[in-house]
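Here is what each chain is made of, one letter per residue.
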Amino acid sequence: MCQRDQYFVLILGLDNAGKTTFLEQTKTKFNKNYQGMNLAKITSTVGLNIGKIDVGTSRLNFWDLGGQEELQSLWDKYYVESHAVIYIVDSSDRERVEESKEAFEKMVMNDNLAGVPLMLLANKQDLEGCLKVTEVKTIFNDPLQVMGQRESWVQGVSALKGDGVQEGIDWLVEAIK
Ligand code: GDP
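Residues numbered from 1 in each chain as written. Predicted model: local features only at pLDDT ≥ 70, side-chain atom pairs only at ≥ 80, totals over all residues. Heavy atoms only, no water.

Chemist: Let's hear about the nonpolar core: which residues, and what values?
Modeler: If you look at the biggest cluster of nonpolar residues, it comprises 25 residues, and the most contacted ones within it are Val9, Phe22, Leu60, Phe62, Ile86, Ile169 and Leu172. Broken down by secondary-structure element, the contributors of at least two residues to this core are strand E1 (5-12), helix H1 (19-30), strand E2 (48-55), strand E3 (58-65), strand E4 (84-90), strand E5 (118-123) and helix H7 (165-176). Discounting residues that sit within four places of it in the chain, isoleucine 86 has contacts with Val9, Leu10, Ile11, Leu12, Phe22, Phe62, Met119, Leu121 and Leu172. If you look at the next biggest cluster of nonpolar residues, it comprises 24 residues, including Leu12, Trp63, Val97 and Leu118. (Core = buried A, V, L, I, M, F, W, Y, C linked by side-chain atoms within 4.5 Å. Buried < 20%, exposed > 50% of the residue type's maximum accessible area, 1.4 Å probe, protein only. Helix = DSSP H or I, 4+ residues; strand = E, 2+ residues; numbered from the N terminus. Contact = heavy atoms within 4.5 Å.)

So, in structure tokens, the structure goes:
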């Protein structure tokens, strides 16, 4: 058995963004024998979901934290330990995109996350009328500018269907090393 490099990855975003669905989809794609939950039946994260995948010589340990407002204050307890952050936006929820941007802004300004690679996922791209990846990029551009010296990437995904998940994880694995 080879010793794998261990990395901790936070999955953040508002409630209902698709964090749990993304984690389940990732585990299903990367763990051959993983049976998984029924993706259509996942309800919003309350508390903490964890999961791990092995990619090459790396083991990624994910923490999917609850996104409800009262839980957001817990996010920064995990920042010091994390090697990367995945921030998920519900591209179909135009009404909450500002709220999501504010939570994102607060997160990227935190000193404990300075220099940590960050991937923004524009989720629910399968839904008609959703914000396109370029639109999400434009909306989140200001906070991305203040992020300073770090690797970052914006990826369009459908966590439900699995589109874009492989590409996103591939980027993350390279960025984290
Ligand atoms: P969380 O609160 O961020 O963990 O969000 P969940 O993973 O629980 O997802 C919230 C809801 O959005 C669920 O009904 C999911 O089925 C749905 N959902 C998540 N990702 C997608 C997606 O890519 N496309 C669509 N159409 N629905 C999604």
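Chemist: Please set out the pairing of E3 residue by residue, giving values where relevant.
Modeler: For E3, a buried count of seven out of eight residues is recorded, marking the element as mostly surrounded by other parts of the structure. Pairing geometry for E2 and E3, over eight bridges, is antiparallel. From the neighbouring strand, valine 55 faces E3, where its bridge partner is serine 58. The turn linking E2 back onto E3 is made up of two residues, and glycine 56 within it adopts a positive phi angle of 55°. (Pairing = 2+ DSSP bridges.)

Chemist: Talk me through the sheet that holds strand E6 (residues 152-156); I want residue IDs and the actual numbers.
Modeler: Overall, mixed pairing links the six strands, which are arranged E2-E3-E1-E4-E5-E6 in an open sheet. The sheet is open, and its two edges are formed by E2 and E6, each paired on a single side. Across this sheet, the average inter-strand angle for adjacent strands is 20°, counted without regard to direction. Where E5 meets E6, five bridges bridge the pair, whose relative direction is parallel. Opposite leucine 120, over in E6, you have valine 154 as the bridge partner. Where H1 meets the sheet, its contacts fall on E1, E2, E3, E4 and E5, and the angle it forms with E2 comes to roughly 30°. (Axes fitted to C-alpha atoms, helices over the stretch in contact; angles between N-to-C directions.)

Chemist: Provide a residue-level description of a negative patch on the surface, including the pertinent values.
Modeler: Taken together, the side chains of Asp126, Asp163, Glu167 and Asp170 present a region of like negative charge at the surface. Among the secondary structure elements, aspartate 170 is positioned in helix H7. Looking at aspartate 170, the relative accessible area reads 38%, which means it is partly exposed. (Patch = residues over 30% accessible without salt bridge, like charges linked within 9 Å, V, L, I, M, F, W, Y side chains within 5 Å. Areas by Shrake-Rupley, 256 points an atom, 1.4 Å probe, with all protein chains shown as cover. Salt bridge = Lys/Arg side-chain N within 4 Å of Asp/Glu carboxyl O. Lys, Arg positive; Asp, Glu negative; His and termini not counted. Charge placed at Lys NZ, Arg CZ, Asp CG, Glu CD.)

Chemist: Account for unusual backbone geometry, with residues named and values stated.
Modeler: The residue asparagine 16 is not glycine, and still its phi comes out positive at about 75°. In this fold, asparagine 16 is placed in the loop between E1 and H1. Accessibility expressed as a relative area gives 47% for asparagine 16, which makes it partly exposed. Positive phi values are uncommon outside glycine, yet lysine 124 reaches one of about 65°.

Chemist: Please set out the confidence of the model for the protein residue by residue, giving values where relevant.
Modeler: Mean pLDDT over the protein works out to 88, with 87% of the residues at or above the 70 mark. The least confident element of the protein, judged by mean pLDDT, is helix H6 (residues 141-145) at 66; the most confident is E4 at 97. What the predictor reports for the complex is a pTM of 0.91 with an ipTM of 0.99. (pLDDT = per-residue confidence, 0-100.)

Chemist: How would you summarise the environment of glycine 164 if you had to cite specific residues and measurements?
Modeler: One can find glycine 164 in the loop between E6 and H7. On the basis of relative accessible area, glycine 164 is assigned to the buried category, the value being 12%. In the structure, glycine 164 is positioned 60 residues away from phenylalanine 104 in sequence and 21 Å away in space, judged by C-alpha atoms. Dropping the residues within four chain positions of it, glycine 164 is found in contact with Gln155, Gly156 and Val157.

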